[in-house]
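Architecture at a glance
For reference, the chains in residue letters:
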Amino acid sequence: MLNQCQIVYHPDNCLNKKRPFAQSCKLCIEACPHQAIKDNREINAKRCTECGVCMAVCPSDGLVDRSIDKLLEYIRGSEQITLNCPLANPMGFEISCLGILDRDLWLSLLLQSQDKKVEIYTGECVNCPDKKACGLSVQNFNKVHKSWPEHPPLSVIVAPDSGNNSANDQQIRKTQSPKMSLRNWSREKLEIMLPGITSDESYLIPRSRRFFGETWEPKKALVLPLPALNVSDNCSNCGVCAAICPQKSLTKKEDEDILTLIYEPFKCVECQRCVSVCKQKALSFENKRLSYRMFTGKIRIHQGKYRYCSRCGKQLFDNVEPPLCYACATSDPAEESNFLS
């Protein structure tokens, strides 16, 4: 018998496969409160509670809840948005846990609350085995609230399920797929019954990010404070940051002796690889007020001239003065002391 898990792994979406990096991403493994994710990202269905924290921390939809499209369709089409976790009164669309709400989904709900009533019902999270996932979601919301305190209101209501709800209270419930035998099942039948289990889905922009962009588009006049990449004057124009970006959100253009860095916030998932690889520590993420056009467009965030060794003419990738490469600097004891200081 197959114990189906709502969380599915799409390896081609994983940052580690999009562009290998010395320090592989293990956010999903580290965040899982039940140690249900193995090093190869295989999910132990017996341990997994489907709290969704793995997909909330995954920057690129390497892990996705099978019902996420139904949730987005519900939010998109409902006149009033009512969500509830399994331990709360069944007042609306049941989500596995608040843990599935990443920053982009919180922003989408806040934008929706300008025009609709948005309510989220939870059980007593302090007594829930998935309280770590809920806590992470609350942290995501607090970050949004701190940067955008004037956001439209939404309601989060603690309403534990008493077990005395009538059928009328159960407006929309997430249905659980029954267990089934794999014997004599064809690939085509499996794909119909378990979408995503037999094929790998691959796309650049995460679902929640695309939904956020879709929700923001009709409100283009609204400017939002969002994390965006910043480049300081310490940049040595090496271009390594653009070369290792797995989302292609940071690209470079070279024109003779000029390097230009182009940033696309919509593609960026803040994996921090560019920040960690920069030897000059010239990169950082800062909250900036972005228009919809800036968020979905291309921004020139840096332009600088290449530096060359004053002796041999070799290109330099640091800001050491005087401008000498390692070979030239170490060939003269006097210069070597300056180079190593």
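Structure first, text after, so check above.
This one's a predicted model, so the numbers in the text were calculated from it and none came from an experiment. (Residues numbered from 1 in each chain as written. Predicted model: local features only at pLDDT ≥ 70, side-chain atom pairs only at ≥ 80, totals over all residues. Heavy atoms only, no water.)

**Points about the overall build of the protein chain**
A tally of regular secondary structure across the protein chain gives 13 helices and 13 strands. Put simply, the protein chain has 341 residues, and 47% of those count as buried. Look at the contacts in the protein chain between residues 6 or more apart in sequence, and 72% of them connect residues 24 or more apart. When the accessible surface of the protein chain is totalled, it reaches about 18000 Å², and 50% of it is carbon and sulfur. (Helix = DSSP H or I, 4+ residues; strand = E, 2+ residues; numbered from the N terminus. Buried < 20%, exposed > 50% of the residue type's maximum accessible area, 1.4 Å probe, protein only. Contact = heavy atoms within 4.5 Å. Areas by Shrake-Rupley, 256 points an atom, 1.4 Å probe, with all protein chains shown as cover.)

**Comments concerning the packing of helix 4 (residues 68–77) against helix 8 (residues 207–216)**
Orientation of helix 4 relative to helix 8, taken along the N-to-C sense of each, is 10°, at an axis distance of 11 Å. The angle between helix 4 and helix 8 falls in the class roughly parallel. Across the interface between the two elements, Ile68, Asp69, Leu72, Ile75 and Arg76 from helix 4 touch Arg207, Phe211 and Glu214 from helix 8. Across the contact of helix 4 with helix 8, the residue classes break down as four nonpolar, no polar and four charged. (Axes fitted to C-alpha atoms, helices over the stretch in contact; angles between N-to-C directions. Parallel < 35°, antiparallel > 145°, perpendicular 65-115°, else oblique. Nonpolar A, V, L, I, M, F, W, Y, C, P; charged D, E, K, R; others polar.)

**Describing the pattern of salt bridges**
Scanning all chains against the criterion turns up 13 salt bridges. What you see here is one network of salt bridges that share partners, running through Arg103, Asp104, Arg209 and Glu270. (Salt bridge = Lys/Arg side-chain N within 4 Å of Asp/Glu carboxyl O.)

**Re the packing of aromatic side chains**
Going through the model one piece at a time under the given rule, you end up with seven aromatic pairs. With centroids separated by 5.7 Å and ring planes inclined at 80°, the aromatic side chains of Phe266 and Phe295 adopt a geometry described as edge-to-face. Here Phe295 lies in helix 11 (residues 292–296) and Phe266 lies in the loop between strand 9 (258–263) and helix 10 (273–277), a separation of 29 residues in the sequence. A cation sits over an aromatic face here: Arg210 above Tyr203, 4.6 Å from the ring centre. (Phe/Tyr/Trp six-rings, centres within 6.5 Å; stacked < 30°, edge-to-face > 60°. Lys NZ or Arg CZ within 6 Å of the ring centre and 35° of its normal.)

**Quick look at the layout of surface pockets**
Roughly 790 Å³ of internal volume is contained in the largest pocket. Surrounding the largest pocket, 29 residues form its lining, Ala56, Arg103, Asn140, Val269 and Glu270 being those nearest its centre. Looking at the lining of the largest pocket, its residues break down into 16 nonpolar, five polar and eight charged. (1 Å grid on protein atoms, 1.4 Å probe; cavity = no way out; pocket = protein on both sides within 12 Å on 5 of 7 lines; lining within 4 Å. Points joined across faces, edges and corners; volume = space filled by probe spheres on them.)

**Let's talk about the sheet that holds strand 6 (residues 155–158)**
The four strands lie next to each other as 4-3-5-6, forming an open sheet whose pairing is parallel. Looking along the sheet, the strands with just one partner apiece sit at the ends: strand 4 (93–94) and strand 6. Of the pairings in the sheet, the one linking strand 3 (residues 80–84) to strand 4 comprises two bridges and is parallel in character. Bridge pairing in strand 4 links Asn84 to Glu94. (Pairing = 2+ DSSP bridges.)

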